[in-house]
Structures are given as structure tokens and as C-alpha cells.
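Coordinate analysis (summary)
This is what each chain is made of:
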Amino acid sequence: MVMTKLIKYLLVIATVSPCRCFAQKLLINYTTELQSDFKKGANWVNLLRLDFSAPLGPSATLEVATLSTAKTRAESLANDLQTFSNIEEDNHPLAAAILGIRQPMGNSSLFIGIRNLNEDYFTSPATSLFTNSSCGIFPTLSADYPIANYPVSSMGIHYELQHAQWSLQASLYNGKASYRFTGKENVFRFCPKHDGILCLTSFSYQHHDSNYHMGFALHSGMYRSYAEGDTEQASPKEKKEIRKIIWGYAEQSITPRLQVLLQVSAQWHASQGCKHCAGAGLVWQCGKTEGGLFTDYARFSHSHEWASEFTWKIPCLGKGFIQPTLHLIHQPEAHYLIGLLRFGYMLPAL
């Protein structure tokens with residue numbers, strides 16, 4: 001708790017400290033999405049993101065990003081296991097995606113503060129095209145405990161190192177994330193004793209237009225009584241669940257306009273959640289537009305799921321895009337066909 005209070009004070013001081021106004025930057029991104037199951041179900045999903053940065057002294061930078069989400073339908077159009085829309089969430093007027101200080105150090109940088117892992121991991125060009133969540137984060141990592149995964153964040157430390165074509169990322173997060181700013185379970189909380197910790201490391205290599213990634217995560221889970229809603233101190237005899245997750249994916253360029261996407265992930269020693277998953281896809285450029293086809297298989301402790309996506313992204317209005325998408329989801333007991341029409345626009349830096 002002492003560490004949490006210290007970081008809180010540093011962030012408050014950084015926020016109110018004088019900055020050079022000309023170097024401040026504000027970006028506004030709005031994404032809206034119409035969903036249909038081609039029957040009687042429909043949903044309207046919205047995401048507003050604000051990004052702000054300002055210098056602190058000669059090298060350090062204050063980074064702030066907020067998320068606001070809203071939708072018209074309480075329940076999802078599909079009871080899928082991997083989440084077909086990577087922006088759909090419950091209504092949250094304001095949540096912190098980033099709030100902290102970045103310090104460059106030559107070819108590397110260190111960030112301390114509030115963050116979620118989607119800011120740094122699984123953000124390569126091909127995976128970022130698709131609208132399903134499994135291209136944004138593997139279900140082996142996101143299926144269970146509420147780690148720092150969109151739209152929630154937690155206190156953490158993130159390190160990046162870039163050397164020629166190689167890059168290294170390493171992060172340490174509180175094991176349970178939140179979107180609340182106040183209360184016992186708030187986004188400033190750092191309590192490994194009850195929440196556990198999440199450690200991630202990834203290596204990346206870039207060669208021409210191809211990208212190769214491999215990563216490993218270790219999650220020391222919360223006490224089970226705490227995870228199930230008992231906020232009282234868990235019994236000292238109660239053991240935490242240790243999870244080990246490994247993943248790898250490649251974006252191999254076949255031609256200047258065609259890429260192949262391959263990904264695989266697995267986890268061990270988990271009593272529930274996703275055991276392993278694998279996927280493959282194609283991404284191709286056609287003029288200024290970009291299309292993609294992706295399918296994957298995920299095995300869960302209680303079931304399994306095949307999910308396929310066909311999407312096409314079309315630039316419009318300068319800084320905007322329109323993206324029609326079709327999802328086909330197959331489970332042993334259910335089948336879903338979902339259509340999306342997504343529109344996004346980024347306002348120029350202010």
C-alpha cells in the first residue's frame with residue numbers, strides 16, 4: 001500500500017506541475033459499431049478514447065488516456081467464448097487506460113503508473129485489423145481473472161527495449177484490475193497478497209514487412225474466496241493458482257500486398273478457462289483499402305469454439321474509416337452469425 005500511495009502522489013504532482021504548453025498533445029478517437037444477428041437482435045456500441053501527453057522536465061513524459069464505453073443492449077448478441085467485438089463493453093462513463101510517467105533511457109524506456117496490457121502487447125499491424133478479441137489478446141490470457149485487459153487497468157511497470165530489428169517488452173501488473181477511481185477496489189490498488197501479480201515478457205523481430213512475436217506470462221492468481229467476491233482476508237492455508245501462459249504469432253509477408261497471420265497459445269496448471277488456442281488468417285491490401293480473413297480454435301475447460309471473421313477496412317473522410325465485418329461462430333451447442341458495421345474517426349492533435 002505504501003508503493004500505491006507514493007505513485008498516487010507522484011501522478012498528482014505530475015498532473016498539476018507546469019508544462020511547456022506548445023509540447024502538449026491531445027488526440028481524440030471515436031469508434032462506433034452497429035451489430036446485427038440478422039434476426040431480431042441489434043446493438044449499437046460506442047467507444048471514445050482521449051490521449052494526452054505533456055513533457056515533465058528534459059526527458060520524462062506524462063501520459064494519460066481515458067476510455068468511455070456505451071451500448072444500447074445489455075446482453076451480447078452471441079454467447080461466445082472469445083468475444084467477437086473488441087470494443088463492446090458495459091457502459092462506463094470514464095475509465096483510465098493510462099495514467100503515468102514514461103522515462104526514456106537511450107534505446108529503452110520505463111513506464112510507471114496505471115496501464116493495461118493492450119497498450120503494448122498484441123498490437124502488430126495484421127492483428128490490429130481484425131475486430132475479434134482473440135486477435136487483440138489470446139483467450140488463454142484473458143479468459144478468467146480480471147487482469148489489466150481492456151477496458152480495465154491496474155498499477156504496473158512497463159519496460160521496452162529496441163535494438164535494431166529486435167525488441168523486448170516486460171511488464172509487472174497488479175493481478176486484479178479495475179476501472180473505478182475510488183473505493184477499496186480502485187485502479188490505484190496494488191495488493192499482490194490478495195490480488196496476485198501478472199508478469200509478461202515478449203520478444204519481437206521485424207524483417208522487412210514481416211513480424212515475429214513470442215511471449216510468456218505468469219499469473220499468480222487471487223485467493224479463490226477473494227475472486228468469488230469475498231473481500232475479507234483469505235485464509236493463510238488457501239493456495240493461489242499459478243498460471244503459465246506462452247504464445248507466439250507471426251505475420252509473414254508473401255507479397256508486398258499479402259500477409260499470412262499464424263498464432264498459437266497455451267497455458268498450464270489452470271483449473272478453468274482457455275487451455276489452448278490456435279488461429280490462421282490472411283491480410284491483403286487493395287489500393288488504399290485492407291481486407292482480412294481469420295479463423296481460430298479455442299479449447300476451454302468446459303467447451304470449445306471455432307470463430308471466423310471476414311473484414312474489410314476502407315479509409316474515408318481523411319482520418320476516418322468504415323469497416324464491414326462478418327463473424328461466424330460455432331460451438332457444440334450453438335451457432336452464431338453476426339454482422340458488424342464499424343466506423344472510426346480520429347481528430348487531429350490539439
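Residues numbered from 1 in each chain as written. Predicted model: local features only at pLDDT ≥ 70, side-chain atom pairs only at ≥ 80, totals over all residues. Heavy atoms only, no water.

1. Some thoughts on the overall build of the chain
A count of helices and strands for the chain gives 5 helices and 16 strands. The proportion of buried residues among the 350 residues of the chain is 48%. Considering only intrachain contacts with a sequence separation of at least 6, the fraction spanning at least 24 residues in the chain is 60%. Accessible area for the chain stands at about 17200 Å²; split by element, carbon and sulfur atoms hold 64% of it. (Helix = DSSP H or I, 4+ residues; strand = E, 2+ residues; numbered from the N terminus. Buried < 20%, exposed > 50% of the residue type's maximum accessible area, 1.4 Å probe, protein only. Contact = heavy atoms within 4.5 Å. Areas by Shrake-Rupley, 256 points an atom, 1.4 Å probe, with all protein chains shown as cover.)

2. A closer look at the side chain of threonine 32
With respect to the helices and strands, threonine 32 occurs in strand β1 (residues 25–36). The class for threonine 32 is buried, based on a relative accessible area of 13%. A distance of 3.4 Å separates a polar atom in the side chain of threonine 32 from the backbone oxygen of valine 45. Engagement of the side chain of threonine 32 in a polar contact is seen with the side chain of asparagine 46, the distance being 3.0 Å. Excluding residues that lie within four positions of it along the chain, threonine 32 makes contacts with Trp44, Val45, Asn46, Leu341, Arg342 and Phe343. (Polar contact = N/O pair within 3.5 Å; in protein donor to acceptor, adjacent residues only side chain to side chain.)

3. Thoughts on unusual backbone geometry
In terms of backbone geometry, most residues other than glycine have negative phi values and most peptide bonds are trans. Here the bond from tyrosine 150 into proline 151 is cis, since omega is 10 degrees, no more than 30 degrees from zero. Its place among the elements puts proline 151 in the loop between α3 (139–142) and β6 (154–163). Despite not being glycine, phenylalanine 38 has its phi angle at roughly 65 degrees, a positive value. Examined against the element boundaries, phenylalanine 38 turns out to sit in the loop between β1 and β2 (42–56). The phi torsion at phenylalanine 122 lies on the positive side, around 60 degrees, for a residue other than glycine.

4. Comments concerning the packing of aromatic side chains
All told, the structure shown has 10 aromatic pairs when counted by the stated rule. Taken together, a centroid distance of 4.7 Å and an interplanar angle of 45 degrees make the contact between tryptophan 166 and tyrosine 205 tilted. Of this pair, tryptophan 166 sits in strand β7 (residues 166–174) while tyrosine 205 sits in strand β8 (residues 197–207), and the two are 39 residues apart along the sequence. Its relative accessible area of 23% is what places tyrosine 205 among the partly exposed residues. Here the aromatic rings of tryptophan 284 and tryptophan 312 are separated by 5.7 Å at their centres, their planes lie at 65 degrees, and the arrangement is edge-to-face. With a gap of 28 residues between them, tryptophan 284 in strand β12 (residues 274–286) and tryptophan 312 in strand β14 (residues 304–316) connect regions that are remote in the sequence. Look at tryptophan 312 and you get partly exposed, because its relative accessible area is 21%. Counting every residue linked through ring pairs, the aromatic cluster contains Tyr121, Phe122, Phe138, Trp247 and Tyr249. Over the aromatic face of phenylalanine 111 sits the side chain of arginine 115, whose NZ or CZ is 4.4 Å from the ring centroid. (Phe/Tyr/Trp six-rings, centres within 6.5 Å; stacked < 30°, edge-to-face > 60°. Lys NZ or Arg CZ within 6 Å of the ring centre and 35° of its normal.)

5. Digging into the environment of proline 332
If you trace the backbone, proline 332 turns up in the loop between β15 (320–331) and β16 (334–347). Sequence separation between proline 332 and histidine 304 is 28 residues, and the spatial gap between their C-alpha atoms is 7.3 Å. Contacts of proline 332, omitting those with residues within four sequence positions, involve Ser303 and His304.

6. Some points on the pattern of salt bridges
Pairs may arise between side chains of opposite charge once their charged atoms sit close together. Taken as a whole and judged by the stated rule, the model has 11 salt bridges. Between arginine 342 and glutamate 33 there is a salt bridge; the shortest N-O distance is 2.5 Å. With arginine 342 in strand β16 and glutamate 33 in strand β1, the pair connects residues that are 309 residues apart, well separated along the chain. Judged by its relative accessible area of 7%, arginine 342 falls in the buried class. With its nearest N and O atoms 2.7 Å apart, the salt bridge here joins aspartate 51 to arginine 49. (Salt bridge = Lys/Arg side-chain N within 4 Å of Asp/Glu carboxyl O.)

7. Here we look at the nonpolar core
In globular proteins that are soluble, nonpolar side chains generally tend to be buried together. Judged by nonpolar contacts, the single largest core of 28 residues is most densely connected at Leu117, Phe122, Phe130, Leu141, Leu198, Leu200 and Trp247. Every element with two or more residues in this core is listed here: α2 (125–129), β8, β10 (242–255), β12 and β13 (289–300). Counting residues in hydrophobic clusters, the runner-up holds 9 residues, among them Ala65, Ile87, Ile98 and Tyr150. (Core = buried A, V, L, I, M, F, W, Y, C linked by side-chain atoms within 4.5 Å.)

8. Section: the pairing of strand β5 (residues 108–115)
Each regular strand shows side chains that alternate between the opposite faces of the sheet. With 6 of 8 residues buried, β5 lies mostly within the body of the structure. Strand direction decides the pairing type here: strand β4 (residues 92–105) and β5, joined by 7 bridges, are antiparallel. Note on β5: the bridge partner recorded for glutamine 103 is leucine 110. Between β4 and β5, which pair antiparallel and follow one another directly, the connecting turn spans 2 residues, one of which, glycine 106, has a positive phi of 70 degrees. Pairing analysis gives 8 bridges linking β5 to β6, with the strands arranged antiparallel. What sits directly across from arginine 115, in β6, is serine 154. (Pairing = 2+ DSSP bridges.)

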